[in-house]
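Descriptive analysis of the structure
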Amino acid sequence: MELYLEDSQATERLGRIIGSKVAEGDVICLTGDLGAGKTLLSQGVAAALGVAPEDVTSPTFTIMNIYEGRALEIHHFDLYRLNRPEELEDIGFDEYCGGEGVTLIEWAELFPEQLPEEYLQITLLHEGEGRRALLEAKGVRAAELLQEVEAAC
């Protein structure tokens with residue numbers, strides 16, 4: 001699925017749509033250049049789950065933030081500052097990723113071998129004044145989630 005998001009509001013709105021469709025154990029992998037909107041999309045997902053968007057910040061320096069949504073916990077990773085797969089073990093990546101709650105992973109492309117088998121891949125690319133969002137499902141549950149998102153868009 002491919003969408004053109006004309007501004008930051010459209011990016012957050014896509015996040016809210018995704019957030020309204022996620023279920024326990026879903027993993028969303030966000031890729032794209034610096035400033036492409038990964039955190040903004042994460043804020044939209046979190047907002048749909050009952051977390052104030054202003055409470056959601058990029059966990060660049062902390063690597064992971066946990067937010068308590070109305071019904072689901074959100075594990076928000078930013079892998080930008082990690083250099084080796086072993087560092088994922090140090091932060092408990094496997095314990096949180098794909099387990100209870102919903103997992104958002106910014107810079108997921110840095111460690112493709114460590115990602116779970118199933119996830120929704122979202123690539124954000126700068127294009128003109130907005131950005132292009134490319135959504136791709138990896139696995140059965142991710143395909144169901146993508147269908148739900150596509151129907152809502």
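Quick summary incoming for the structure in this document. Computed from a prediction, not measured in an experiment: that's the story for all the values here. (Residues numbered from 1 in each chain as written. Predicted model: local features only at pLDDT ≥ 70, side-chain atom pairs only at ≥ 80, totals over all residues. Heavy atoms only, no water.)

**Remarks on the sheet that holds strand β2 (residues 27-32)**
- Across the sheet, seven strands lie side by side as β1-β7-β6-β2-β5-β4-β3; this open sheet has mixed pairing. Both edges of this open sheet fall to β1 (2-5) and β3 (64-68), since each of them pairs with a single strand only. The mean inter-strand angle of the sheet, taken between neighbouring strand axes irrespective of direction, is 20 degrees.
- Along the sheet, helix α1 (residues 8-21) contacts β1, β2, β6 (119-127) and β7 (130-138); its crossing angle with β7, the most-contacted strand, is approximately 20 degrees. (Pairing = 2+ DSSP bridges. Helix = DSSP H or I, 4+ residues; strand = E, 2+ residues; numbered from the N terminus. Axes fitted to C-alpha atoms, helices over the stretch in contact; angles between N-to-C directions. Contact = heavy atoms within 4.5 Å.)

**Some details on the packing of α1 against helix α2 (residues 38-48)**
- At a minimum axis separation of 6 Å, α1 and α2 run at an interaxial angle of 45 degrees. One element, α1, and the other, α2, form an angle in the oblique class. For the crossing formed where α1 meets α2, the hand is right-handed. Residue-level inspection shows Ser 8, Thr 11, Glu 12, Leu 14, Gly 15, Arg 16, Ile 18, Gly 19 and Ser 20 of α1 in contact with α2, the latter providing Leu 40, Leu 41, Gly 44, Val 45, Ala 47 and Ala 48. (Parallel < 35°, antiparallel > 145°, perpendicular 65-115°, else oblique. Left-handed = near helix turned anticlockwise from the far one by under 90°.)

**Some remarks on the packing of aromatic side chains**
- All chains considered together, the criterion is met by two aromatic pairs.
- Seen in terms of ring centroids, Phe 77 and Phe 93 are 4.9 Å apart; in terms of plane orientation they differ by 65 degrees. Their pairing is edge-to-face. One end of the pair, Phe 77, is in strand β4 (residues 73-78); the other, Phe 93, is in helix α4 (residues 93-96), with 16 residues separating them in the sequence. Here the two residues Phe 77 and Phe 93 agree in accessibility, since each one is buried.
- Note on Tyr 80 and Trp 107: the rings are 4.7 Å apart at their centroids and 50 degrees apart in plane angle, and the pair reads as tilted. One end of the pair, Tyr 80, is in the loop between β4 and α3 (86-90); the other, Trp 107, is in the loop between β5 (102-106) and β6, with 27 residues separating them in the sequence.
- Residue class for Tyr 80 comes out partly exposed when judged on its relative accessible area of 36%.
- On the accessibility criterion, Trp 107 (11% relative accessible area) is buried. (Phe/Tyr/Trp six-rings, centres within 6.5 Å; stacked < 30°, edge-to-face > 60°. Buried < 20%, exposed > 50% of the residue type's maximum accessible area, 1.4 Å probe, protein only.)

**Notes on helix α5 (residues 140-152)**
- With 13 residues, α5 extends 19 Å between its outermost C-alpha atoms, agreeing within 8% with the 18 Å of an ideal straight helix rising 1.5 Å per residue.
- Turning to α5, its buried residues number three or more, namely Ala 142, Leu 145, Leu 146 and Val 149. The arc that holds every buried residue of α5, seen down its axis, measures 100 degrees, which confines them to one face. Structural note: α5 exposes Val 140, Gln 147 and Ala 151 on the side pointing more than 90 degrees away from its buried face. (Expected span 1.5 Å × (residues − 1). Arc of directions from axis to C-beta.)

**Here's the deal with the environment of Glu 148**
- Mapped onto the fold, Glu 148 is located in helix α5.
- You can call Glu 148 partly exposed: its relative accessible area is 32%.
- Setting aside chain neighbours within four positions, we find Glu 148 in contact with Lys 21 and Arg 141.

**Some thoughts on the pairing of β2**
- Burial of β2 is extensive: six of the six residues sit out of reach of the surface.
- Side-chain alternation along β2 places Val 27, Cys 29 and Thr 31 on one buried face and Ile 28, Leu 30 and Gly 32 on a second face that is also buried.
- Two elements, β2 and β5, share four bridges in a ladder whose sense is parallel. Following the sheet pairing, Leu 30 is matched in β5 by Glu 106.
- Two elements, β2 and β6, share five bridges in a ladder whose sense is parallel.

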